[in-house]
Amino acid sequence: MPHVIAALQVAPIKADSSYFHFPAWVEICRCKKNIEVPAELAQAYFAALAKLPALVAQAASRPWDETMLVCALSAIAAAKGHPDVAEAAQELTPEIARDFMEWMLTR
């Protein structure tokens, strides 16, 4: 995963959504399965993960489609230690967001 983020750092404004989706998904799966990052990889892994929010911010200067939006939101949530929110963000289409808001208002 650090290699993907290193590639993303070259030109985040030109990166497609997969450069944000992949590291978020790796972190989501790692947390869901309670897998520890091996000690020899931990520093590089977590340092790379911590770069995602700033890379999302750099990519935000261009228009985003729905896929880019959900992947960027997911990447931020994963990087900030919220894997459940990161996973939910990947499913958050405008229709699902509307349904969710309707459900929230009826609680």
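Structure: above.
Residues numbered from 1 in each chain as written. Predicted model: local features only at pLDDT ≥ 70, side-chain atom pairs only at ≥ 80, totals over all residues. Heavy atoms only, no water.

> Before we go on, may I ask you to explain the overall build of the chain in this structure?
Secondary structure assignment for the chain yields six helices and zero strands. The helix and strand sequence of the chain, counted from the amino end, reads α-α-α-α-α-α. In terms of overall size, the chain behaves like a compact globule, its C-alpha atoms giving a radius of gyration of 15 Å where 107 residues would be expected to give roughly 13 Å. Once the C-alpha set of the chain is aligned to its principal axes, its extents read approximately 50 × 35 × 15 Å. Taken over 107 residues, the chain has a buried fraction of 32%. Summarising the internal contacts of the chain: among those between residues at least 6 apart in sequence, 62% fall at separations of at least 24. Put simply, the chain shows about 6800 Å² of open surface, and 61% of that area lies on carbon and sulfur atoms. Averaging the positions of the 9 positive and the 12 negative side-chain charges in the chain gives two centres separated by 6 Å. (Helix = DSSP H or I, 4+ residues; strand = E, 2+ residues; numbered from the N terminus. Rg over C-alpha atoms; globule rule 2.2 N^0.38 Å. Buried < 20%, exposed > 50% of the residue type's maximum accessible area, 1.4 Å probe, protein only. Contact = heavy atoms within 4.5 Å. Areas by Shrake-Rupley, 256 points an atom, 1.4 Å probe, with all protein chains shown as cover. Lys, Arg positive; Asp, Glu negative; His and termini not counted. Charge placed at Lys NZ, Arg CZ, Asp CG, Glu CD.)

> Looking at this model, I keep getting lost on the environment of Q58. Mind explaining?
Relative to the helices and strands, Q58 resides in helix α3 (residues 39-59). C-alpha separation for the pair Q58 and K14, spaced 44 residues apart in sequence, amounts to 9.9 Å. Setting aside residues no more than four positions away along its own chain, Q58 makes contact with P12 and I13.

> Looking at this model, I keep getting lost on the packing of aromatic side chains. Mind explaining?
Note on aromatic pairs: each is described by the distance of the centres and the angle between the planes. Evaluated as defined, the whole model comprises two aromatic pairs. Ring plane angle 80° and centroid distance 5.0 Å describe the contact between Y45 and F46, whose orientation is recorded as edge-to-face. Judged by its relative accessible area of 38%, F46 falls in the partly exposed class. Considering the side-chain rings of F100 and W103, the 5.8 Å spacing of their centres and the 40° angle between planes classify their relative orientation as tilted. (Phe/Tyr/Trp six-rings, centres within 6.5 Å; stacked < 30°, edge-to-face > 60°.)

> Sorry, what's going on with the environment of A59 here?
In this structure, A59 sits in helix α3. Residue A59 is classed as buried on the basis of its relative accessible area of 0%. With residues near it in sequence (within four places) discarded, A59 still touches P12, I13, F20, W64 and M68.

> Help me understand the pattern of salt bridges, please; the structure alone is not making it clear to me.
Two side chains bearing opposite charge may form a pair once their charged atoms approach each other closely. One pass over the full model with this rule turns up two salt bridges. Residues E27 and R30 are paired through a salt bridge, measuring 2.8 Å at the closest nitrogen-oxygen approach. One end of the pair, E27, and the other, R30, are both in helix α2 (residues 18-32), three residues apart, so they sit about a helical turn from each other. For E27, a relative accessible area of 5% puts it in the buried group. On the basis of relative accessibility, which here comes to 17%, the residue R30 falls in the buried class. Residue E87 is joined to K32 by a salt bridge in which the shortest nitrogen-to-oxygen separation is 3.0 Å. Taken together, the residues span a long stretch of sequence, with E87 in helix α5 (residues 83-90) and K32 in helix α2 at a distance of 55 residues. (Salt bridge = Lys/Arg side-chain N within 4 Å of Asp/Glu carboxyl O.)

> Help me understand the nonpolar core in this model?
Across soluble globular proteins, you tend to see nonpolar side chains buried next to one another. Counting residues in each nonpolar core, the largest one holds 25 residues, and the members touching the most others are I5, L8, F20, L49, L52 and A75. Elements with a contribution of two residues or more to this core: α1 (2-10), α2, α3 and α4 (66-79). (Core = buried A, V, L, I, M, F, W, Y, C linked by side-chain atoms within 4.5 Å.)

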